[in-house]
Amino acid sequence: MKIKVRVLTVAFAMIGAATAQAQPNVGNQPKGANPAIALPFPGGADWQKMTPEQRREAGQKMVEQVLRGSLDRLNYNDKALQDAVVDFAYQQEKSLEPVREAHRKISQALINNATADQEITLLMAALKAAETKARERRKEQLVDLDAEIGFTKKPRLAAFLSLMGFTGDETGFIGGVTGAFFGTLSNAAAGMAPANAPQ
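If you're wondering where the values come from, they're calculated on a predicted model, not measured in any experiment.

Student: Sorry, what's going on with the confidence of the model for the chain here?
Tutor: It should be kept in mind that the predicted coordinates are not to be read in detail where pLDDT is low. Counting all residues, the mean pLDDT for the chain is 77, and 70% of those residues have values of 70 or more. Segment residues 1-43: pLDDT under 50, and 44 contacts once partners within four positions in sequence are set aside and those in other chains are kept.

Student: Mind showing me how you'd approach the packing of aromatic side chains here?
Tutor: When we look at a pair of aromatic rings, we describe it by the centre distance and by the angle of the planes. Considering all chains together, one arrives at one aromatic pair under this definition. With a centroid separation of 5.1 Å and an interplanar angle of 40 degrees, the aromatic rings of F88 and F166 are classed as tilted. Taken together, the residues F88 in helix α3 (residues 79-112) and F166 in the loop between α5 (155-163) and α6 (170-174) connect sequence positions 78 residues apart. Residue F88 shares its accessibility class with F166, and that shared class is buried.

Student: Can you help me understand the pattern of salt bridges in this one?
Tutor: Counted under the stated rule, the structure contains ten salt bridges. The partner of R100 in a salt bridge is E93, with the nearest N and O atoms 2.7 Å apart. E93 matches R100 in its accessibility class, with the two residues each being buried. One salt bridge in this structure joins E131 and R135, with 3.0 Å as the shortest N-O distance. With E131 and R135 both in helix α4 (residues 117-149), this residue pair falls four residues apart, about one helical turn. The structure contains a network of salt bridges with shared partners spanning E64, R68, K79 and D83.

Student: What am I meant to see in the packing of α3 against α4 here?
Tutor: It is at 9 Å that the axes of α3 and α4 come closest, and there the two elements cross at 175 degrees. Considered as vectors, α3 and α4 are oriented roughly antiparallel to each other.

Student: What should I look at first to understand the environment of K94 in this one?
Tutor: The topology assignment puts K94 in helix α3. Along the backbone, K94 and R56 are 38 residues apart, and their C-alpha atoms lie at a distance of 10.0 Å.

Student: Where do I start with unusual backbone geometry in this structure?
Tutor: With a phi close to 70 degrees, N75 is a non-glycine residue in the positive phi region. Summarising the element assignment, N75 is placed in the loop between α2 (52-73) and α3. In this structure N75 comes out as exposed when scored by relative accessible area, which is 57%. Even without being glycine, N113 reaches a positive phi, approximately 55 degrees. Take N113: it is sitting in the loop between α3 and α4.

Definitions and cut-offs
- Within any chain, residue numbers begin from 1 and follow the written order of that chain's sequence.
- Since the coordinates come from a predicted model, pLDDT governs what is reported: local features require at least 70, and pairs of side-chain atoms require 80 or more to be given and counted, while whole-chain, interface and lining totals use all residues.
- Think of the side-chain values as coming from all heavy atoms in the structure, minus any hydrogens and water.
- pLDDT runs from 0 to 100 and stands for how confident the predictor is about each residue.
- Two residues qualify as a contact provided that any one of their heavy atoms is within 4.5 Å of a heavy atom in the partner residue.
- Only centres within 6.5 Å qualify two rings of Phe, Tyr or Trp (six-membered ring in Trp) as a pair; their planes then separate them into stacked at under 30 degrees, edge-to-face at over 60, and tilted for everything else.
- Helical segments are the DSSP runs of H or I of at least four residues, strand segments are the runs of E of at least two, and each set is numbered from the N terminus.
- Using a 1.4 Å probe on the protein chains alone, a residue whose accessible area is under 20% of its type maximum counts as buried, one over 50% counts as exposed, and one in between counts as partly exposed.
- A pair is scored as a salt bridge if a Lys or Arg side-chain nitrogen falls within 4 Å of a carboxyl oxygen belonging to Asp or Glu.
- Orientation is described by axes fitted as lines to C-alpha atoms, over the contacting stretch for helices, and by angles from 0 to 180 degrees between their N-to-C directions.
- The scheme is simple: roughly parallel for angles under 35 degrees, roughly antiparallel for over 145, roughly perpendicular for 65 to 115, oblique for anything else.

Okay, structure coming up:
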């Protein structure tokens, strides 16, 4: 879910801009309805027309831009170091996909509100199992990443990786209920069929 946090930040800014645009003008003169504002998801205006795989690819490109730009700002300009961090992010995305899919199944079951309690229990067990496997895989990959770039000996880099969700869960934790709610919506939307797909 970490990718979506940055997207939602931009989305909230756009919502704020839309609200400001909707205010009456100084002369309190009537005006036409404001045009619809497309939120800047990773794929831009064509996000809804993308397949889930295309959305994942667009998200990965956005993540790489964020990571490299942030590392440049922190003066970690070495290409090998940046490549290692970006590659780790890609590995994490692959590891998290089974977790996200299990998460989608539960959220869809709750939205439809027609799934038996026994099935919900099984879906939750599958989610926990997928999460455990992904966390174990992350621990293994972090050992390799530290051996490659020595982030545990670089305080600023270690802090950055933690806040980005590589080594810690602080950012997800401070999201609270609001972050969990929007993360659930974002994850559900990522798996939706393209808007122009045959019904």
